[in-house]
Amino acid sequence: MKLQRNGRSKALAIGAMALVSSLSLAACGSDENTTTGASGSGSAAPAAKIECGPKPAALLAAGSTAQGNAIDVWKTNFAAACKESSVNYGGGGSGAGVQQFTQGKVQFAGSDSPLKPAEVDATKAICTGGQGINLPLVAGLISIVYNVDGVDNLVLDGPTTAKIFDSQITKWNDPAIAALNPGAKLPDADIQAVHRTDDSGTNENLTKYFAKVSNGAWAYPAAKAWAGKGGQGANGSAGVAAQVKQVKNSISYAELSYAQTNNLKSAAINTGASKPVEATAANAATTFAKAKIAGTGSDLALTLDYGTKDEGAYPLVLVTYEIVCDKGNKAESLDALKAFLTYAASDAGQKAVGEAGYVPLPKELTDKANAIIPTLA
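In this text, all values refer to a predicted model and were calculated from it rather than measured experimentally.

**Notes on the overall build of the chain**
Next, step 1: A tally of regular secondary structure across the chain gives 13 helices and 15 strands.
Next, step 2: For the chain, the residues scored as buried account for 54% of the 377 residues in total.
Next, step 3: Considering only contacts within the chain whose residues lie at least 6 apart along the sequence, 75% involve residues at least 24 apart.

Shown next as structure tokens:
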């Protein structure tokens, strides 16, 4: 059951205004404290005081590839500060991460969609006396990336995008695409649509968007497993981004960080607002401002509005949850787990991934995560 908390939307909106300002400050600001880490891009990250905890450990984790670049930033900074601890993140997709977590193989899993009731039940076998909970720590947006010569400012909408990824629209100069892009020199070329072959939360978030806004063009249920007809497949966010970079007249979807890393163009989305919405962190933050918490107790699963028509609100957003046991964590790694998650949820941790193409979460959400992390047992 989805529960809305009083005053939460207002607080999230205030938090989003603050985080949009922080995006412009992140490149030049730094905290005046003792430990400096390196960012995933090779440039110096803001100095950050990271409390390592009394008992170091090597943490194992797996899951979402959408958050892979964020984890790279965090684990580099964490290892620099806490030299006896480490984080080994295996990726593999959200589905694989949840499976490894429920099998007790990892200390935490990354998933771009919250645990389903059956998955929560499965976690009880390894979370002795407790269960798996969703902590939103990585926010981002799904960029519709494309590689079409001579087309620099592509505009798409929900129904058209859904039809492209279901092979209902197969030519770049299709009338539906042309109507959204007056004056653009669209080629008479076959569309090479690329989708994720691994079970992924990115698939699920994209198809939730299609279910909301495609006007019935997407006939399949939202799911981690891809169901659309035709197209080419690739594994992980890095895989689809690499495929689009290499293949002319191609289109796919990937977290913005991967679009930036591969110098890929991102389509703007016609949401019904006064003008198409660009795929930017600031525009995604406008959507996150109205996110609502659907989880109960220590669970911070969110409800996102994929059908937003608000001005400047990018609709294709995702949150990656770090899935952990509220109780029943392994004693030998619990201190290190708390230390790593606390850094990830900190202002410095969110600022660091903001510089890597992600969206710092509203402070109201990270405050809630920071209140829960110390209670993990």
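Further notes follow.
**Quick look at the packing of aromatic side chains**
Aromatic rings considered in pairs are described by the distance between their centres and by the relative angle of their planes.
Next, step 1: Throughout the structure, instances matching the rule amount to 11 aromatic pairs.
Next, step 2: Summarising the aromatic geometry, the rings of tryptophan 74 and phenylalanine 340 are spaced 6.4 Å apart at their centres and angled 80 degrees between planes, so their arrangement reads as edge-to-face. In this pair, tryptophan 74 is assigned in helix α2 (residues 68-81) and phenylalanine 340 in helix α11 (residues 331-345), connecting sequence segments 266 residues apart. Take tryptophan 74 and phenylalanine 340: they sit in the same class, and that class is buried.
Next, step 3: Seen in terms of ring centroids, tryptophan 218 and tryptophan 226 are 5.2 Å apart; in terms of plane orientation they differ by 55 degrees. Their pairing is tilted.
Next, step 4: The class for tryptophan 218 is buried, based on a relative accessible area of 6%.
Next, step 5: According to the relative accessible area criterion, tryptophan 226 is buried, its value standing at 16%.
Next, step 6: An aromatic cluster of three or more residues is present, and its members are Phe165, Tyr209, Phe210, Trp218, Tyr220, Trp226 and Tyr253.

**Some words on unusual backbone geometry**
The bulk of non-glycine residues show a negative phi, and the bulk of peptide bonds are trans.
Next, step 1: Of note, serine 167 is a non-glycine position whose phi angle comes to about 60 degrees, a positive value.
Next, step 2: The phi torsion at asparagine 263 lies on the positive side, around 55 degrees, for a residue other than glycine.
Next, step 3: If you trace the backbone, asparagine 263 turns up in the loop between α9 (256-261) and β11 (265-266).
Next, step 4: Classification of asparagine 263 by relative accessible area gives exposed; the value is 67%.

**A few points about the environment of leucine 334**
Next, step 1: Considering the arrangement of structural elements, one finds leucine 334 in helix α11.
Next, step 2: The class of leucine 334 is buried, set by a relative accessible area of 14%.
Next, step 3: Between the alpha carbons of leucine 334 and glutamine 107 there is a distance of 8.6 Å; along the sequence they are 227 residues apart.
Next, step 4: When near neighbours in sequence (up to four residues on either side) are disregarded, leucine 334 contacts Asn329, Leu376 and Ala377.

**Observations regarding the confidence of the model for the chain**
Next, step 1: On average, the chain scores 89 in pLDDT, and the residues at 70 or more come to 87%.
Next, step 2: For the stretch residues 1-47, pLDDT sits under 50, and the model shows 75 contacts to residues farther than four places along the chain or on other chains.

**A word on the state of the cysteines**
Next, step 1: For the structure on display, the rule yields 2 disulfides.
Next, step 2: Across a sulfur-sulfur distance of 2.0 Å, cysteine 52 and cysteine 82 are joined as a disulfide pair. On the sign convention where negative is left-handed, the bridge of cysteine 52 and cysteine 82, at about -90 degrees about the S-S bond, is left-handed. You can see cysteine 52 sitting in the loop between β2 (44-47) and β3 (58-63) and its partner cysteine 82 sitting in the loop between α2 and β4 (86-92), a full 30 residues away along the chain.
Next, step 3: Here cysteine 127 engages in a disulfide with cysteine 325; their sulfurs sit 2.0 Å apart.

Thresholds, definitions, all that
Residues numbered from 1 in each chain as written. Predicted model: local features only at pLDDT ≥ 70, side-chain atom pairs only at ≥ 80, totals over all residues. Heavy atoms only, no water. Helix = DSSP H or I, 4+ residues; strand = E, 2+ residues; numbered from the N terminus. Buried < 20%, exposed > 50% of the residue type's maximum accessible area, 1.4 Å probe, protein only. Contact = heavy atoms within 4.5 Å. Phe/Tyr/Trp six-rings, centres within 6.5 Å; stacked < 30°, edge-to-face > 60°. pLDDT = per-residue confidence, 0-100. Disulfide = S-S within 2.5 Å.

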